[in-house]
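Chain by chain, the residues run as shown.
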Amino acid sequence: MIWKLSLTGIKNRMKDYVVLFSGLIVASMIFYMFLTIAINPAFLAKNLPVNHPNYVNYIFTFGIVLLVIITFFYLLYANTFLLSMRKHDYGMYMMLGAKSMRIGLLIFCETLLTGLIAVIVGIILGLGLTALVSRLLVSKLGLAINHFQVILPRAILGTILFFIIIFFFGALFNARKLTKTQVISLLHEDQTPVKLKRHPLLLLVEGIAGIGLLACGYYVMTLNPNNIFKIIPTALITIVVGSYFVFNAVFTSIINLLLKNKKISYRGIRMFTLGQLKFRLHSYTRILTMISLLFALALGAITVGLNFNSLKETVAQGYYYDASICSDSKPVKKELAKLTLKSQQTYHYKEDRQKAYFQSAELTNKPLKNKELVDSSTSTGMIKMRVVTVPKDSLAPILSNFFPNTGKEVQLVTKEKYRQLKQKPKAITLIRTKDFVHDYPRILKIEHMEVKENAAAANVTNTSKANAYQMVVGYVSGFEFMGFFLGLAFLTMLASTLMFKVLSGAYNDRLRYQMLAKMGVRIKLLRRSIMMEIGALFALPGILGIIDVLFGLKLFRTLLENPYSGLILPFTIFIILYLFYYLLTVKLYEKIVLKFK
């Protein structure tokens, strides 16, 4: 009977549950994807090159930690709100003679069932998402897909355990809270009057404090990022408290001023709309504060994640030559012929046990080039490089990076002395390609072939441009995907939470709209009022979140060349997704409050 009532309760509130399910499903889906990539043993053991650090594991484990924290607080809020939504029904059951312990078991089963359904659907969808993302990620890493396991039992078990544990404790909390609440409170909690009148002086003080705390938090984030462990806690506290005060006082004061302005408030039904919005802000202060912070985290994760792509260009610009070819074997020459070369310089040398001898004349006729750092301004985050000719006194240490050696000293000799040396002549060819990004996988292949032919060539390939670029590609790819999908998870949870909050109160608002319709207000005006009211609830945390992101990006100026480059793409993606949730909320709200029959 208890399970039957649980299923019936979920069925009757399916419209409200769908909003919660969407957030839970996406959260469990992305959680499974992150966990699968982070702990996939075959992928990590057989696909990553020997010299690669275990950055993929670290990056996605870090993403899982962030996702766990956000999901934990989201689930706590969702469980609490589920309880408040069903309090009236549970109160009716208790009035009809149901025992509190049985009702407690009912809410326990219903909460647990909600989580179980969401996590199962999330894992099923997560299998498809993991397959898609793994292909994109591995293709960016330049690795094979053969050893990647999409269906990973450990990841499935870990995802189920995490969500079941969270929902288990949430269900216990809901059951305990329900059994401790009086029946009269359960039945009439929605009818409890809310006192909105507040002293203007208190609002002024709170508003000034909120703006001051936000300004302090934004200023702290512009300081030297070397003090990051002091900056983040300070900024977090000031911005959280400041955002709460701004929503609670500043925006409320603005609405009060609009209500007092007759030219604005007396047009159409703006008085009703502003009154509704004033009431919303009073009861939504906490959730709007949380959503503005989640909005900033989500948008920041996507922006920073996509911005890490600029690190590849930074690495590519730091080298003048794309590769140093040390082998003259036929397989290497065959692969070399497939490259689109822009230029190549060949230098001959001979070596004995202690030294490597290069011809001075060759280096004079074909000067060695290098990249030199011109400016690394921490204020702008921009790094400038210039091409210079390597001076004669610096040739030896730079040449030692271009040929296989075991710590041999490089010595420049005349053509005559070079001819007198009896050792077998060797050569290195420094190449520049027309499109390094396109050709670097083939350059890596050539370097691996050279190491197989001569183990000493690892001295060159370990510090080569292609190897450095490959490492950064993996590092960047991980952060790009982590940022995008963490941002997607944050957005889904924050938007579905706000949507859930708005829609759950729609049944209580229906009477107000019925009265306005009976008074002759046109449906068109009512729809416009709904769009303005819900639009303000979505826009206010969104605007504050964008401001948080713009200041927060300054923390990454020492890690990224320019953290503000390419803002249009992530902002556009995010605004479109956020707008979709807004329009969906408006549509669902209208179906509830404008249904008069």
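One can find the structure itself at the top, above this paragraph.
Read on for a plain summary of the structure. (Residues numbered from 1 in each chain as written. Predicted model: local features only at pLDDT ≥ 70, side-chain atom pairs only at ≥ 80, totals over all residues. Heavy atoms only, no water.)

Of the regular secondary structure elements, the chain holds 22 helices and 7 strands. Across the 597 residues that make up the chain, the buried fraction comes to 49%. At a minimum sequence separation of 6, the contacts of the chain that also span at least 24 residues come to 82%. (Helix = DSSP H or I, 4+ residues; strand = E, 2+ residues; numbered from the N terminus. Buried < 20%, exposed > 50% of the residue type's maximum accessible area, 1.4 Å probe, protein only. Contact = heavy atoms within 4.5 Å.)

With that settled, the discussion passes to the packing of helix α9 (residues 228-260) against helix α11 (residues 270-307). α11 packs onto α9 with a crossing angle of 170° between their chain directions and a minimal axis gap of 9 Å. As judged from the angle between their axes, α9 and α11 are roughly antiparallel. Where α9 approaches α11, its residues I239, V240, S243, Y244, F247, N248, F251, T252, I255, N256, L258 and L259 are matched on the opposing element by M271, L274, G275, L277, K278, L281, T285, R286, L288, T289, S292 and L293. A class-by-class count of the residues in the contact of α9 with α11 yields 14 nonpolar, 8 polar and 2 charged. (Axes fitted to C-alpha atoms, helices over the stretch in contact; angles between N-to-C directions. Parallel < 35°, antiparallel > 145°, perpendicular 65-115°, else oblique. Nonpolar A, V, L, I, M, F, W, Y, C, P; charged D, E, K, R; others polar.)

The next point concerns the sheet that holds strand β3 (residues 355-359). With mixed pairing, the 5 strands of this open sheet are ordered in space as β1-β7-β2-β3-β6. Pairing within the sheet leaves two strands with one partner each, and these edge strands are β1 (323-325) and β6 (409-413). The mean angle between the axes of side-by-side strands here comes to 35°, regardless of whether they run parallel or antiparallel. Strand direction decides the pairing type here: strand β2 (residues 341-351) and β3, joined by 3 bridges, are antiparallel. Bridge pairing in β3 links E351 to A356. (Pairing = 2+ DSSP bridges.)

Tallied over the entire structure, the rule returns 7 salt bridges. Between R442 and E335 there is a salt bridge, with its nearest N and O atoms 2.7 Å apart. You can see R442 sitting in helix α17 (residues 436-453) and its partner E335 sitting in helix α13 (residues 330-336), a full 107 residues away along the chain. Between K445 and E335 there is a salt bridge whose closest N-O contact spans 3.4 Å. Taken together, the residues K445 in helix α17 and E335 in helix α13 connect sequence positions 110 residues apart. Using a relative accessible area of 7% as the deciding quantity, one classes E335 as buried. (Salt bridge = Lys/Arg side-chain N within 4 Å of Asp/Glu carboxyl O.)

What follows concerns the environment of A466. One can find A466 in helix α19 (residues 465-504). Here A466 falls in the buried class, since its relative accessible area comes to 0%. Along the sequence, A466 and A316 sit 150 residues apart, while their C-alpha atoms lie 8.6 Å from each other. Apart from the residues lying within four places of it in its own chain, the contact partners of A466 are D322, F436, Y440, I443, L444 and E447.

Now for the packing of aromatic side chains. The tally for this structure, following the rule as stated, stands at 20 aromatic pairs. Pairing F295 with Y578 gives two aromatic rings, centres 4.9 Å apart and planes at 75°, and the pair type is edge-to-face. Taken together, the positions of F295 in helix α11 and Y578 in helix α22 (residues 568-593) put the pair 283 residues apart, joining distant regions of the chain. By the burial criterion, F295 is buried, and Y578 matches it. When the ring of Y321 is compared with that of F402, the centres are 6.0 Å apart and the planes differ by 85°; the resulting orientation is edge-to-face. You can see Y321 sitting in the loop between α12 (310-317) and β1 and its partner F402 sitting in the loop between α15 (395-399) and β6, a full 81 residues away along the chain. By the burial criterion, Y321 is buried, and F402 matches it. Taken together, the ring pairs in this structure connect F295, F538, F574, Y578 and Y582 into an aromatic cluster. The side chain of K366 reaches across the aromatic face of Y347, ending 5.7 Å from its centre. (Phe/Tyr/Trp six-rings, centres within 6.5 Å; stacked < 30°, edge-to-face > 60°. Lys NZ or Arg CZ within 6 Å of the ring centre and 35° of its normal.)

A separate point is α22. A rise of 1.5 Å per residue sets the reference length of α22, with its 26 residues, at 38 Å; its end C-alpha atoms lie 37 Å apart and thus fit the reference within 8%. Among the residues making up α22, those that are buried are P570, F571, F574, Y578, Y581, Y582, T585, V586, Y589, E590, I592 and V593. (Expected span 1.5 Å × (residues − 1).)

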